[in-house]
Amino acid sequence: MTIEERPNYLRTQLRRHQQPDRRGKGRLLGQMEAVTGRHRKSPLQLLREKPCRKQRARQRGPSCNEEVCRALLVAADSLDWPCPERLTPGLQWLPRQLTE
């Protein structure tokens, strides 16, 4: 279950959580624990508050300057967008190949 799907699932379970008796609520919490992969108390906390994804208080800044980012985009594009582990060794010989 992705992070975006979790609030939608919890919203639907909130309606079901308000209806059954104590034993039914316990079974429902067990299902929610199994589906979301979180501890049993976590869905209860999320059910008490409005289930929505919170925005970050502060966004991360860029980790490198603009020239380096453009160079990395060119390198990744020329190597057909490999994963970072495969891109890193290519960064040693690729600049020499592109300038020749």
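Residues numbered from 1 in each chain as written. Predicted model: local features only at pLDDT ≥ 70, side-chain atom pairs only at ≥ 80, totals over all residues. Heavy atoms only, no water.

A. Spotlight on the overall build of the chain. A tally of regular secondary structure across the chain gives five helices and zero strands. Listing the helices and strands of the chain from first to last along the sequence gives α-α-α-α-α. Against the globule reference of 13 Å for 100 residues, the chain gives a C-alpha radius of gyration of 23 Å, more extended than a compact globule. Each principal axis of the C-alpha atoms in the chain carries an extent, and together these give about 75 × 25 × 20 Å. (Helix = DSSP H or I, 4+ residues; strand = E, 2+ residues; numbered from the N terminus. Rg over C-alpha atoms; globule rule 2.2 N^0.38 Å.)

B. Looking closely at the packing of helix α4 (residues 66-78) against helix α5 (residues 84-99). Two numbers describe how α4 lies on α5: the axes approach to 10 Å, and their chain directions differ by 95 degrees. As far as their axial angle goes, α5 and α4 are roughly perpendicular. Facing α4, whose interface residues are Leu72, Val74, Ala75, Ala76 and Ser78, α5 presents Leu87, Leu91, Leu94 and Leu98. Of the residues belonging to the contact of α4 with α5, the class tally is eight nonpolar, one polar and no charged. (Axes fitted to C-alpha atoms, helices over the stretch in contact; angles between N-to-C directions. Parallel < 35°, antiparallel > 145°, perpendicular 65-115°, else oblique. Contact = heavy atoms within 4.5 Å. Nonpolar A, V, L, I, M, F, W, Y, C, P; charged D, E, K, R; others polar.)

C. Up close: α4. An ideal rise of 1.5 Å per residue puts 18 Å on 13 residues; α4 measures up with 18 Å between its terminal C-alpha atoms. Asp80 sits one or two residues past α4 and shows a positive phi near 65 degrees. (Expected span 1.5 Å × (residues − 1).)

D. Seen up close, the environment of Gly37. Mapped onto the elements of the fold, Gly37 is located in the loop between α2 (22-36) and α3 (41-48). Overall, Gly37 belongs to the exposed group, its relative accessible area being 64%. Considered as a pair, Gly37 and Met1 are 36 residues apart in the sequence and their alpha carbons are 8.6 Å apart. (Buried < 20%, exposed > 50% of the residue type's maximum accessible area, 1.4 Å probe, protein only.)

E. Quick look at α2. The terminal C-alpha atoms of α2 lie 21 Å apart, and with 15 residues this matches the ideal 21 Å at 1.5 Å per residue to within 8%. All of the buried residues in α2 are Gly24, Leu28, Leu29, Met32 and Thr36. Buried positions in α2, seen along its axis, are confined to an arc of 140 degrees and lie on one side of it. α2 presents Arg23, Arg27 and Ala34 as exposed residues on the side facing more than 90 degrees away from its buried surface. One or two residues past the end of α2 sits Gly37, with phi positive at roughly 75 degrees. (Arc of directions from axis to C-beta.)

F. Local environment of unusual backbone geometry. Even without being glycine, Asp80 reaches a positive phi, approximately 65 degrees. Along the chain, Asp80 turns up in the loop between α4 and α5. Residue classification places Asp80 among the exposed positions, given a relative accessible area of 64%. Notably, Trp81 is not glycine yet its phi reads approximately 50 degrees, a positive angle. Among the secondary structure elements, Trp81 is positioned in the loop between α4 and α5. The exposure class of Trp81 is exposed, given its relative accessible area of 51%.

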